[in-house]
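Architecture and fold: a report
Given next are the chains, with one letter for each unit.
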Amino acid sequence: MDNRQAIGSWLSGPRAAAEEAGVDFGYRGEQLGLPEHGPGSIARPGRRLGALAVDWGLCVLIAYGLLTDGYGQATGNWALLLFLVLGVLTVGTVGSTPGKRLLGMRVVAEGGGRPNPLRVLLRTVLLCAAVPALIWDRDGRGLHDRLARTIEVRI
């Protein structure tokens with residue numbers, strides 16, 4: 001191995017270096033029995049972040065317009081509470097928040113079907129804590145999804 005190859009593997013990360021060495025990671029969701037593309041496949045990070053932005057924007061708009069008289073710390077606190085309530089109620093009943101529905105996603109239990117209400121509550125509380133959502137596994141699921149045993153899939 002020459003220096004250029006060693007530096008290239010370091011820059012591209014450990015996954016690329018392992019793949020170059022012949023390790024087969026498969027596609028996202030393969031270990032969960034999900035298809036690689038199309039409906040039922042793992043939702044990509046861009047869609048997930050977009051849905052999060054839509055839902056957060058909706059909660060901030062409601063907090064700003066209905067609960068506080070200006071944008072400040074109180075608006076952010078109310079928005080977080082609304083985000084928690086929105087997530088628990090909508091994911092617990094129809095399987096997706098307005099942002100997820102708009103971008104074509106839903107939350108399902110690992111074995112399929114609708115997740116139970118306690119798992120939805122756990123998932124949403126961890127999502128509000130933000131840190132678990134920033135730690136992803138090789139399938140692209142956040143730690144909040146792994147702990148709640150849920151999966152965000154495309155519709």
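Above this text is the structure in question.
In what follows, the accompanying structure is described. Numbers given for residues are sequential positions, taken from 1 along each chain in its written order. Given that the model is predicted, a residue must reach a pLDDT of at least 70 before its local features are reported, and side-chain atom pairs must reach 80 or more before they are shown or counted; all residues, however, enter totals for whole chains, interfaces and linings. Water and hydrogen atoms play no part in the side-chain values, which are based on all heavy atoms of the structure.

We define a salt bridge as a contact between a side-chain nitrogen of Lys or Arg and a carboxyl oxygen of Asp or Glu at a distance within 4 Å. For the structure on display, the rule yields eight salt bridges. Its salt-bridge partner being Glu152, residue Arg48 comes within 3.2 Å of it at the nearest N-O pair. Note that Arg48 is positioned in helix α3 (residues 45-67) and Glu152 in strand β2 (residues 150-154), a separation of 104 residues in sequence. Each of the two residues, Arg48 as well as Glu152, counts as buried. In this structure, Arg123 and Asp145 form a salt bridge, with 2.6 Å as the shortest nitrogen-oxygen distance. Of this pair, Arg123 sits in helix α6 (residues 117-129) while Asp145 sits in helix α7 (residues 143-148), placing them 22 residues apart in sequence. By the burial criterion, Arg123 is buried, and Asp145 matches it. Overlapping salt bridges bring together Arg48, Lys100, Arg123, Asp145 and Glu152 as one network. The helix and strand labels rest on DSSP assignments: H or I over at least four residues marks a helix, E over at least two residues marks a strand, and numbering proceeds from the N terminus. Relative accessibility under 20% of the residue-type maximum defines a buried residue, over 50% an exposed one, and the middle range a partly exposed one, all with a 1.4 Å probe and only protein chains included.

Turning our eyes to something else, we now look at the packing of helix α4 (residues 73-93) against α6. In contact at an axis separation of 9 Å, α4 and α6 are set at 150 degrees when each is read in the N-to-C sense. It follows from the interaxial angle that α4 and α6 lie roughly antiparallel. Regarding α4 and α6, the two cross each other, and that crossing is right-handed. Facing α4, whose interface residues are Leu80, Phe83, Leu84, Gly87, Val88, Val91 and Gly92, α6 presents Val120, Leu121, Thr124, Val125, Leu127 and Cys128. The nonpolar class holds Ala, Val, Leu, Ile, Met, Phe, Trp, Tyr, Cys and Pro. Asp, Glu, Lys and Arg form the charged class, and all remaining residues, Gly among them, are polar. Considered class by class, the residues forming the contact of α4 with α6 number ten nonpolar, three polar and no charged. Axes here mean lines fitted to C-alpha atoms, for a helix over just the part in contact, with angles spanning 0 to 180 degrees between N-to-C directions. In this scheme, roughly parallel covers angles under 35 degrees and roughly antiparallel covers those over 145, while 65 to 115 is roughly perpendicular and the rest are oblique. Two helices cross in a left-handed way if the nearer one is turned anticlockwise from the farther one by less than a right angle. They cross in a right-handed way if the turn is clockwise. Note on definitions: a residue-residue contact is assigned when non-hydrogen atoms from the two residues lie within 4.5 Å.

Glancing now at the packing of aromatic side chains. We call Phe, Tyr and Trp rings a pair once their centres come within 6.5 Å, taking the six-membered ring for Trp, and we label the pair stacked below 30 degrees between planes, edge-to-face above 60, and tilted otherwise. All chains considered together, the criterion is met by one aromatic pair. An angle of 65 degrees between the planes, with centres 6.0 Å apart, marks the rings of Trp56 and Phe83 as edge-to-face. Residue Trp56 is found in helix α3, and its partner Phe83 is found in helix α4; the two are separated by 27 residues along the sequence. On the accessibility criterion, Phe83 (8% relative accessible area) is buried.

Our focus in this paragraph is the nonpolar core. Soluble globular proteins: nonpolar side chains tend toward being buried together. One finds Cys59, Val60, Ala63, Ala79, Phe83, Leu86, Leu127 and Ala133 forming the largest nonpolar core, which totals eight residues. Within the residue set of this core, elements represented by two or more residues are α3 and α4. Those residues in contact with Leu86, other than ones at most four positions away along the chain, are Asp55, Cys59, Val91 and Pro98. What makes a nonpolar core is a set of buried Ala, Val, Leu, Ile, Met, Phe, Trp, Tyr and Cys residues whose side-chain atoms join them at distances within 4.5 Å. Counting residues in hydrophobic clusters, the runner-up holds five residues, among them Leu34, Val108, Ile151 and Val153.

Between the first and last C-alpha of α6 there are 18 Å, a value that for 13 residues agrees with the 18 Å anticipated at 1.5 Å per step. Where α6 is concerned, the buried positions are Val120, Arg123, Thr124, Leu126 and Leu127. Buried residues in α6, looked at end-on, bunch into an arc of 165 degrees, giving them a common side. Every exposed residue of α6 that faces more than 90 degrees away from the buried side is listed here: Pro117 and Leu118. In this fold, the buried residues of α6 make contact with α4, α5 (98-102), β1 (105-109), α7 and β2. Between the side-chain oxygen of the N-cap and the backbone nitrogen of Leu118 there are 2.8 Å, and the N-cap of α6 in question is Asn116. To estimate the expected span of a helix, count its residues, drop one, and scale the result by 1.5 Å. For this quantity, the arc is that covered by the directions from the helix axis to the C-beta atoms. Two N or O atoms count as a polar contact when they lie within 3.5 Å, although within protein this holds only if one can serve as hydrogen donor and the other as acceptor, and sequence-adjacent residues are included solely when both atoms are side-chain atoms.

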